[in-house]
Amino acid sequence: MSILDVDGIQFSYSGEELYQKASMRLFEGEHAVLVGPNGTGKSTLLKLLDKRIKPDAGSINWMPNKKIGYLDQYAKINPNILVKTYLYDVFLPLFEKEKEMERLYHSIAHEPEEKHEKILHWAADLHEQLLDSDFYQIKSLVGNIIHGLGLQMDILEEPIKHLSGGMRAKIILGKLLLEDADVLLLDEPTNFLDVRHIEWLSKFLNSYQKAFIVVSHHEEFLMDIAQTVFALENGQISRYKGDYLFYLTERELRLKQQEKAFTNQQKFIKKTEEFIQKNIVRATTTKRAQSRRKMLEKIERIKPPQKDKKYHFHFPMSKSTGKDVFTSVDLEIGYNEPLLEPLSMAILREEKVAITGKNGVGKSTFIKTILDIVPKLGGAYHWIDTAEIAYFAQDQKFEDGLTPFQYIHHEYQHFTKKDVMSLLANHGIDYDMATRSLNTLSGGEQTKVRLARLRHQKGNVLILDEPTNHLDVQAKEALKDALINYQGTLILVSHEKEFYQDICDYEITLYEPDTNE
């Protein structure tokens, strides 16, 4: 039985139509993934399903009384509340029942004896409700999810404002998993998770008794969890009833069939148009030509198969540096207190280094410290005087209304309009996207625009902080090739070992200080 019916939806951003009378159905307990290249409307579709935005046409109908859980990694949260307050809010009705039960027990001391039995009955009834809701297992449940996502229980006492971007995203995901929704809508849930915690999330979802739709570009994760694949293709939502490997095989077959049907139809159309042109003016054949013209007008045109975009990422290098590009001695990083043991290291010319470590350990803080964005707490670091640094930050906020064209042109003011558009096109951003507000683009499209801005900076040191978040498979492969071919020194923060292991010469893994000493 379907719990979701999407019928003939249309939706457009700034004139660009994402869906063309698209339809889909989701069934009870179905474990589905939603795939497609960046910019096809995956995140937008989840927002439509969650009723955060409305379609321009068509309908979206959920089965009544179904609780929908939507993962919004950028949700606004009161930064001053504690993590435990945010998480336990899920169970607020149960805590209220416990409070009422305790009030009833305490009231016996000053209520007449004839009311005691009634009060005890009410309190016992509330106790039964709490037992039925597994209220006394809440701490264990919270602990399971906290540890499963790679966090420690002491994070519960931290204010939200003290969390790193990755830790904050994990807490938002954790709360959603605690809510026990009838349907989960998860947009890129593996962002900021390392391999071990992605495996935990896969097991959690595979054992989930209810339905979910997951958007992800992490192929191993998709292979582990998908029982049904929805693919956004040519403005339609195609359904593949099988796992992710079945989808890859079946999609290739369907594309070949569509290519063949499109080619045959184009030949037929061309032949018919030639006949019409030759015979429309002849008195003896004009009726036949008019008949063929009407037939062509009514024929349903087959669209050409949507081919994967080609990306041309490139990071040219300026002049070379000396041998010791970066050194640090007993460098202490953090805000009020050091996050790590003092760091002493040397990164040499043309070395490619992966900076790894669990979320919240201080990877981004380390990068910001050595770039003078965050002051050091102690020790020293030194860049060689010939270092010219190009930097890609993990997150960036854009002014409202700022377009990709304006963003690039501001950096390269000597570029002509054609130069800017060509640069963006090489990074998968077409004219329509280039003239839209950056804040309306998907996370993957924003990443591509930001990578395009690095193209002509011509540094000899490239620092990238989690550049693969939100990128589709093809873009990720193109970025990997560009970094392998990069001639300068690379410092890469990444949680995706399958991405950086073919690029980097070695890893520097950051650990929290040992508090047991």
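Residues numbered from 1 in each chain as written. Predicted model: local features only at pLDDT ≥ 70, side-chain atom pairs only at ≥ 80, totals over all residues. Heavy atoms only, no water.

Enquirer: I keep staring at the layout of surface pockets and nothing clicks. Help me out?
Expert: If a probe as big as a water molecule is rolled over the atoms, it shows which places are left empty. Taken as a whole, the second largest pocket encloses approximately 530 Å³ of empty space. Taken together, 27 residues line the second largest pocket, and the ones lying closest to its centre are Ala-231, Glu-233, Tyr-247, Arg-251 and Asp-308. Looking at the lining of the second largest pocket, the elements with two or more residues in it are helix H8 (219–225), strand E8 (228–233), strand E9 (236–240), helix H9 (244–279) and helix H16 (473–484). The element best represented in the lining of the second largest pocket is H9, accounting for eight residues. Of the residues that constitute the lining of the second largest pocket, the class distribution is eleven nonpolar, nine polar and seven charged. (1 Å grid on protein atoms, 1.4 Å probe; cavity = no way out; pocket = protein on both sides within 12 Å on 5 of 7 lines; lining within 4 Å. Points joined across faces, edges and corners; volume = space filled by probe spheres on them. Helix = DSSP H or I, 4+ residues; strand = E, 2+ residues; numbered from the N terminus. Nonpolar A, V, L, I, M, F, W, Y, C, P; charged D, E, K, R; others polar.)

Enquirer: It is not clear to me how unusual backbone geometry should be interpreted in this structure. Could you clarify?
Expert: Backbone phi values are negative for most residues with the exception of glycine, while trans is the configuration of most peptide bonds. Of note, the phi angle at Asn-65 is positive, near 65°, even though the residue is not glycine. Looking at the element boundaries, Asn-65 is found in the loop between strand E4 (57–62) and strand E5 (68–70). Here Glu-350, not a glycine, exhibits a phi torsion of approximately 70°, which is positive. With relative accessibility at 46%, the residue Glu-350 sits in the partly exposed group. (Buried < 20%, exposed > 50% of the residue type's maximum accessible area, 1.4 Å probe, protein only.)

Enquirer: Please clarify how the domain arrangement of the chain should be interpreted in this entry.
Expert: When the domains of the chain are assigned, the result is domain 1 (1–67 + 191–241), domain 2 (77–180), domain 3 (247–298) and domain 4 (324–509). Put simply, the middle of domain 2 and the middle of domain 4, counted by C-alpha atoms, are 41 Å apart. Contacts between the two partners involve six residues from domain 2, matched on the other side by four residues from domain 4. Summed over the shared surface of domain 2 and domain 4, the result is zero salt bridges. Where domain 2 meets domain 4, there are zero residue pairs in polar contact (both at pLDDT 80 or more). Grouping the amino acids of the side of domain 2 that touches domain 4 by side-chain chemistry returns one nonpolar, four polar and one charged. (Domains from an automatic or database assignment. Contact = heavy atoms within 4.5 Å. Salt bridge = Lys/Arg side-chain N within 4 Å of Asp/Glu carboxyl O. Polar contact = N/O pair within 3.5 Å; in protein donor to acceptor, adjacent residues only side chain to side chain.)

Enquirer: Please clarify how empty space enclosed by the protein should be interpreted in this entry.
Expert: Going through the model one piece at a time under the given rule, you end up with five cavities of 30 Å³ or more. By volume, the largest cavity amounts to about 80 Å³. Residues of the lining of the largest cavity, tallied by class, amount to one nonpolar, eight polar and three charged. Viewed by domain, the lining of the largest cavity spans two of them, domain 1 (1–67 + 191–241) and domain 4 (324–509), each represented by three or more residues.

Enquirer: It is not clear to me how a negative patch on the surface should be interpreted in this structure. Could you clarify?
Expert: Taken together, Asp-125, Glu-128, Asp-132 and Asp-134 make up a surface patch of like negative charges. Topologically, Asp-125 is positioned in helix H4 (residues 116–132). We classify Asp-125 as partly exposed; its relative accessible area is 40%. (Patch = residues over 30% accessible without salt bridge, like charges linked within 9 Å, V, L, I, M, F, W, Y side chains within 5 Å. Areas by Shrake-Rupley, 256 points an atom, 1.4 Å probe, with all protein chains shown as cover. Lys, Arg positive; Asp, Glu negative; His and termini not counted. Charge placed at Lys NZ, Arg CZ, Asp CG, Glu CD.)

Enquirer: So what exactly am I meant to see when it comes to helix H5 (residues 138–148) here?
Expert: Residues separated by three or four positions in an α-helix point in the same direction, a consequence of the helix having 3.6 residues per turn. Buried residues of H5: Ile-138, Val-142, Gly-143, Ile-145, Ile-146 and Gly-148, and no others. Looking at the buried side of H5, the elements it contacts are helix H2 (83–88), helix H3 (92–107), helix H6 (165–178) and helix H7 (195–206). A positive phi of about 85° marks Gly-150, the residue just after H5.

Enquirer: Explain the nonpolar core here, please?
Expert: In a soluble, globular protein the nonpolar side chains are often hidden away together inside. The biggest cluster of nonpolar side chains holds 57 residues, and the ones touching the most others in it are Leu-87, Val-142, Ile-171, Leu-184 and Leu-205. In terms of residues, this core owes the most to one element, H6, which gives seven residues. Residue assignment places this core across two domains, with domain 1 (1–67 + 191–241) and domain 2 (77–180) each supplying three or more. Not counting the four nearest positions on each side in its chain, Ile-171 is found in contact with Val-83, Tyr-86, Leu-87, Ile-146, Leu-151, Ile-155 and Leu-163. Judged by nonpolar contacts, the second largest core, of 27 residues, contains Leu-4, Val-6, Leu-45 and Val-215. (Core = buried A, V, L, I, M, F, W, Y, C linked by side-chain atoms within 4.5 Å.)

Enquirer: What's the story with the packing of aromatic side chains in this structure? I'm lost.
Expert: Here the structure, examined in full by the defined rule, presents eleven aromatic pairs. Considering the side-chain rings of Tyr-244 and Tyr-247, the 5.4 Å spacing of their centres and the 40° angle between planes classify their relative orientation as tilted. Within this pair, Tyr-244 and its partner Tyr-247 are both found in helix H9, separated by three residues, close to a single helical turn. Relative accessible area serves as the criterion here: at 5%, Tyr-244 is assigned to the buried category. Seen from their ring centres, Tyr-412 and Phe-415 are 4.9 Å apart, and the 20° between their planes marks the pair as stacked. (Phe/Tyr/Trp six-rings, centres within 6.5 Å; stacked < 30°, edge-to-face > 60°.)

Enquirer: Where do I start with the side chain of Arg-436 in this structure?
Expert: Mapped onto the elements, Arg-436 comes out in the loop between helix H14 (431–434) and helix H15 (443–454). You can call Arg-436 buried: its relative accessible area is 4%. Within the structure, the side chain of Arg-436 is placed 2.9 Å from the backbone oxygen of Thr-440, a separation counted as a polar contact.

Enquirer: How should I be thinking about the environment of Asp-400 in this particular structure?
Expert: Tracing the backbone shows Asp-400 in the loop between strand E14 (389–392) and helix H12 (404–411). Placed 37 residues apart in sequence, Asp-400 and Ser-437 show a C-alpha to C-alpha distance of 7.1 Å. Separated by 3.2 Å, the side chains of Asp-400 and Asn-439 make a polar contact.

Enquirer: Which parts of the structure should I look at to understand a nonpolar patch on the surface?
Expert: There is a patch of nonpolar side chains on the surface, built from Met-223, Leu-245 and Leu-248 and spanning about 250 Å² of accessible area. Looking at where Leu-245 falls in the secondary structure, it is placed in helix H9.

Enquirer: Is there a simple way to explain the sheet that holds strand E7 (residues 211–215) in this structure?
Expert: Consider a sheet: its strands pair through backbone hydrogen bonds, and that pairing is either parallel or antiparallel. With mixed pairing, the six strands of this open sheet are ordered in space as E5-E6-E7-E3-E8-E9. The outermost strands of the open sheet, each flanked by one partner alone, are E5 and E9. This sheet shows a mean twist of 20° between the axes of neighbouring strands, independent of strand direction. Here strand E6 (residues 183–187) pairs with E7 via five bridges, running parallel. Within E7, the position partnered with Asp-187 by the bridge is Val-215. The strands touched by H9 within the sheet are strand E3 (31–35), E8 and E9, with E9 carrying the most contacts at an inclination of about 120°. (Pairing = 2+ DSSP bridges. Axes fitted to C-alpha atoms, helices over the stretch in contact; angles between N-to-C directions.)

Enquirer: Looking at this model, I keep getting lost on the sheet that holds strand E11 (residues 343–348). Mind explaining?
Expert: Strands sit in the order E11-E10-E13 across an open sheet of three strands; the sheet is antiparallel. Every interior strand has two partners, whereas the edge strands, E11 and strand E13 (378–383), have only one. Here the strands of the sheet are splayed against their neighbours by 5° on average, with no regard to which way each runs. Strands strand E10 (324–332), E11 and E13 of the sheet are contacted by helix H11 (residues 363–370), whose axis makes an angle of about 115° with E10.

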